[in-house]
Amino acid sequence: MPYYVTTPIYYVNAEPHLGHAYTTIAADVLARHMRQRGEEVFFLTGTDEHGEPVTLAAEKLGITPRELGDRNVVHFKELAARLHVTNDFFIRTTDPEHYAVVERVVQGVHDNGHVYEGTYEGWYCPLCADFKTDSELEEGNRCPIHKIVLEREKEDNWFFRLSAFQGPLERLYADRPDFVIPQNRYNEALSFIQQGLQDLSLSRPRLKWGVPVPWDRDQVIYVWIDALLNYYSALSYAREGEDLTDRFWPADVHLIGKDILKFHAVIWPALLMAAGIEVPRRVTIHGFLLLGEHKMSKSLGNVIDPIQVVDLYGSDALRFYVLREVRFGQDGEVSPEAFERRYTSELANEYGNLSSRTLAMIERYRGGVVPEADPPKELADEFDGLAEAVKTRLGEVDLTNALDEIWRRVKLLNRYVQDEQPWQLAKDEAQAERLDTVLYGLAEGLRVVSVLLQPFMPESAERLLAALGRDDLSLETARFGALPGGARCGKLGQLFPKVEAEAPAA
Ligand code: MSP
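All values derive from a computational prediction rather than experimental measurement.

Draft legend 1. Region of the structure containing the overall build of the protein chain. Assigned secondary structure in the protein chain consists of 19 helices and 16 strands. Taken over the C-alpha trace, the protein chain has a radius of gyration of 26 Å; the compact-globule value for 506 residues is 23 Å, and the two agree within 12%. Long-range contacts, defined here as pairs at least 24 residues apart, represent 77% of the contacts in the protein chain between residues at least 6 apart. Accessible surface for the protein chain amounts to roughly 20,900 Å². Of this, 46% is attributable to carbon and sulfur atoms. Counting 55 positive and 79 negative side-chain charges, the protein chain places the centres of these two groups 2 Å from one another.

This is how it looks when you write it as structure tokens:
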């Protein structure tokens, strides 16, 4: 089955920080897991290069928005590569092919009678690129997200008749209770719809940086309409000479942060309906990574540089940390100290040491070959249904509980080795069969957790599997006892070595 997962496209007004890495890591876990299931996956990420957020940042630096985009896109691509992200395409909204699709779709919305000329008067946040209602503003007419004082804008532009889609959107939400997850975000989006929708500016007259309105070249298409269409346009040109739209559209999951819920859960489906295009299957919302009490954000000036963490600790540690520390869907604090704690206690000790000890014992007691034995019942019972549980959780985009299911088994294996004390069994010839069982159980348990951990921590999981003499990553093999003993083990350096450096600075 085809599976299409996307991240938001990131503004190129600044270099990426850990918050951007978070969504991309989560999407990569889903993409890798779906490939393990044998699905045909298309995974899209990219950059949003138009509109005020980029124009204003470029002005400050005295360069053109295109130059700023060209400069910063390199960092977003580098981040994806350093995190071992397996996106199938990287879209830039400055791609000429994207322009062509935006113009075509917006013309279609116009021709279908959903566009009219009007005057916008109200608040606008140039950093959100969003029109704000009176009730959304904080004291002193401040943007609730960026905290800057907003100006009232008055301008003539083209409007999208969003209000006409209130009924269709309500029906969509009634028919598809999982269109938006988690539930609290579904409720939030639905209540926004039910309060009544105002028509939306489809174009901006004063900005020059964007996709021109096809029937009025003095205006550019509002950056959010242009940006949302990336999910659809990319499929038409990601593969040279091939249009993937029929195969992968509608998207299975748009993964986004809670700040852009309204755009994805309200405007996006309405726009698609207006254009006569199928709406996506699901929009999944995660919370914010916080530093202290505040959202990590370049405009607030409190960020962690993910590349710095990767340089020190490796990308797996970072991928693991953000998904383990913060409950997916909720806001959560991250800090260098908490990172170090988890790195040491969970990665280096529980997974890393267990792996090296197990391999060392197989080497010392059994000449480096995993013994043939029946799966020990006490472990088999505990592993029963694990792969199914992970599959269900990840199908629901519940990354936290999927990882927790797996980690409970890592802890269990640690308890098992303590309880069984294979180094004592090795001293007694009469216990040889028991030792075979224990060593097989440990190797098999580590193999199963590593197959399941591979989407989360690809490098380490694959290194360990290679050392265990098994490299099959398919989900079918993630059953305890699925593979017999007999594999010849190889060398494994330290998976998570002690880092003699300061924690990454906030
Ligand atoms: N360009 C728009 C999105 C267009 S999608 C059609 C945009 N870009 S952004 O760069 O400002 O932010 C994009 C996403 O980055 C957020 O929705 C979220 O997924 C992620 N995050 C940015 N900061 C974050 C945190 N501090 N915490 C978690 N995720 C955050 O909005």
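Draft legend 2. Region of the structure containing the sheet that holds strand β14 (residues 289-291). Pairing within the open sheet is mixed, and its three strands lie in the order β15-β14-β16. Looking at strand neighbours, the two that pair on one side only are β15 (294-295) and β16 (332-333), the edges of this open sheet. Of the pairings in the sheet, the one linking β14 to β16 comprises two bridges and is parallel in character. By the bridge assignment, L289 is partnered in β16 with G332.

Draft legend 3. Inspection of the packing of helix α13 (residues 336-366) against helix α19 (residues 458-467) at higher detail. α19 packs onto α13 with a crossing angle of 10° between their chain directions and a minimal axis gap of 11 Å. By the angle class used here, α13 and α19 are roughly parallel. Seen from α13, the contacting residues are Y351, S355 and L359; seen from α19, they are S460, A461, L464 and A467. Looking at the contact of α13 with α19, its residues break down into five nonpolar, two polar and no charged.

Draft legend 4. A look at helix α3 (residues 65-82). Here α3 contains 18 residues, and its C-alpha end-to-end distance of 26 Å stays within 8% of the 26 Å for a straight helix at 1.5 Å per residue. Listed in full, the buried residues belonging to α3 are P65, L68, G69, N72, V73, F76, L79 and A80. Summarising the contacts, the buried residues of α3 are in contact with β1 (2-11), α1 (18-36), β2 (40-48), α2 (51-61), β3 (89-92) and α11 (306-313). Looking one or two residues beyond α3, the residue adopting positive phi is H84, at roughly 60°.

Draft legend 5. Inspection of unusual backbone geometry at higher detail. A cis geometry characterises the amide bond from I181 onward to P182, with omega recorded as 0°. With phi around 65°, K147 is a residue other than glycine that occupies positive phi space. Here K147 lies in the loop between β5 (130-132) and β6 (151-160). On the accessibility criterion, K147 (38% relative accessible area) is partly exposed. The backbone of Q421 shows a phi angle near 45°, a positive value even though the residue is not glycine. If you trace the backbone, Q421 turns up in the loop between α16 (399-420) and α17 (422-425).

Draft legend 6. A look at the side chain of T24. Mapping T24 onto the fold places it in helix α1. According to the relative accessible area criterion, T24 is buried, its value standing at 6%. At a separation of 3.2 Å, a polar atom in the side chain of T24 contacts the main-chain carbonyl oxygen of H20. Leave out the neighbours within four places in its chain, and T24 touches T7, Y10, F43, T45 and V85.

Draft legend 7. Region of the structure containing the environment of V12. Note that V12 resides in the loop between β1 and α1. Judged by relative accessible area, which is 0%, V12 ranks as buried. Put simply, V12 and R66 are 54 residues apart on the chain and 9.7 Å apart in space, counted from C-alpha to C-alpha. The contact partners of V12, leaving out residues within four places of it in the chain, are T47, D48, E49, V54, L68, G69, N72, V73 and F76.

Draft legend 8. Geometry of the packing of aromatic side chains. Using the criterion set out here, one finds 27 aromatic pairs in the structure. Note on Y313 and Y343: the rings are 4.9 Å apart at their centroids and 70° apart in plane angle, and the pair reads as edge-to-face. Note that Y313 is positioned in helix α11 and Y343 in helix α13, a separation of 30 residues in sequence. Accessibility classification places Y313 together with Y343 in one group, the buried group. For the pair F320 and W407, a centre-to-centre distance of 4.8 Å together with 50° between the ring planes defines the contact as tilted. Placement of the pair is F320 in helix α12 (residues 315-325) and W407 in helix α16, with a sequence separation of 87 residues. Judged on exposure class, the residue F320 and its partner W407 are both buried.

Draft legend 9. Layout of the pairing of β3. Burial along β3 is two-sided: the face carrying F89 and I91 and the face carrying F90 and R92 are both buried. By the bridge criterion, four bridges tie β2 to β3 in an arrangement that is parallel. Paired with T45 across the two strands is F90, which belongs to β3.

Draft legend 10. Looking closely at the sheet that holds strand β4 (residues 115-125). With antiparallel pairing, four strands are arranged side by side in an open sheet as β5-β4-β6-β8. One side of each edge strand has no neighbouring strand; the edge strands of this open sheet are β5 and β8 (200-201). Sheet topology note: the β4/β5 ladder contains three bridges and is antiparallel. Note that in β5 the partner of Y124 across the bridge is F131.

Draft legend 11. Quick peek at the pairing of β2. Most of β2 sits inside the fold, with eight of its nine residues counted as buried. Note: β1 against β2, eight bridges, orientation parallel. Its bridge partner lying in β2, Y10 is registered against T47.

Draft legend 12. Highlighting the environment of P144. Here P144 is to be found in the loop between β5 and β6. On the basis of relative accessibility, which here comes to 27%, the residue P144 falls in the partly exposed class. Along the sequence, P144 and P177 sit 33 residues apart, while their C-alpha atoms lie 29 Å from each other. Ignoring any residue separated from it by four or fewer positions in sequence, one finds P144 in contact with E136 and E138.

Draft legend 13. Main features of the site of the ligand. Taken together, 26 residues form the shell around the ligand, and within it I9, T23, D48, L289 and M296 come nearest. Between the ligand and T23, the relevant distance is 2.8 Å, taken from an oxygen atom to a side-chain nitrogen or oxygen of the residue. The side chain of H286 places a nitrogen or oxygen atom 3.4 Å from an oxygen atom of the ligand. Here the ligand, which alone exposes 660 Å², has 95% of that area covered by the protein. Counting residues per element, the ones that place at least two in the shell around the ligand are β1, α1, α7 (223-228), α8 (230-237) and β12 (253-257). Class assignment for the residues of the shell around the ligand results in 14 nonpolar, nine polar and three charged.

The rules we used
Along each chain, the written sequence defines residue order, and numbers are assigned to residues from 1. Note on the predicted model: pLDDT of at least 70 is required for a residue's local features to be given, and 80 or more for side-chain atom pairs to be given and counted; whole-chain, interface and lining totals, by contrast, use all residues. The basis for the side-chain values is all heavy atoms of the structure; hydrogens and waters are excluded. Under the DSSP-based scheme used, a helix requires at least four consecutive residues in state H or I and a strand at least two consecutive residues in state E, with every element numbered from the N terminus. The reference for a compact globule is 2.2 Å times residues^0.38; the radius of gyration itself is calculated from the C-alpha atoms. Contact definition: two residues touch when any of their heavy atoms are within 4.5 Å. Note that accessible areas follow from Shrake-Rupley with a 1.4 Å probe, and for residues the cover is restricted to the protein chains shown. Asp and Glu are treated as the negative residues and Lys and Arg as the positive ones, with His and the ends of the chain left uncounted. Think of each charge as sitting on NZ of Lys, CZ of Arg, CG of Asp or CD of Glu. A pair of strands is treated as paired once DSSP finds two or more bridges between them. Fitted lines through C-alpha atoms serve as axes, helices being fitted only where they are in contact, and the angles separating the N-to-C directions of these axes extend from 0 to 180 degrees. Oblique is the label for any angle not covered by the other classes, which are roughly parallel (under 35 degrees), roughly antiparallel (over 145) and roughly perpendicular (65 to 115). For this classification, the nonpolar set comprises Ala, Val, Leu, Ile, Met, Phe, Trp, Tyr, Cys and Pro, the charged set comprises Asp, Glu, Lys and Arg, and every other residue, Gly included, is treated as polar. A helix is expected to span 1.5 Å for every residue after the first. Only protein chains enter the accessibility calculation, which uses a 1.4 Å probe; a residue whose area is less than 20% of its type maximum is buried, one above 50% is exposed, and one in between is partly exposed. Think of a polar contact as two N or O atoms within 3.5 Å of one another; within protein, one of them needs to be a possible hydrogen donor and the other a possible acceptor, and neighboring residues in sequence only count if both atoms come from side chains. Centres within 6.5 Å are what make two rings of Phe, Tyr or Trp a pair, Trp counting through its six-membered ring; a difference in plane orientation under 30 degrees is then read as stacked, over 60 as edge-to-face, and the rest as tilted. When at least one non-hydrogen atom of a residue lies within 4 Å of a molecule or strand, that residue is treated as near it.

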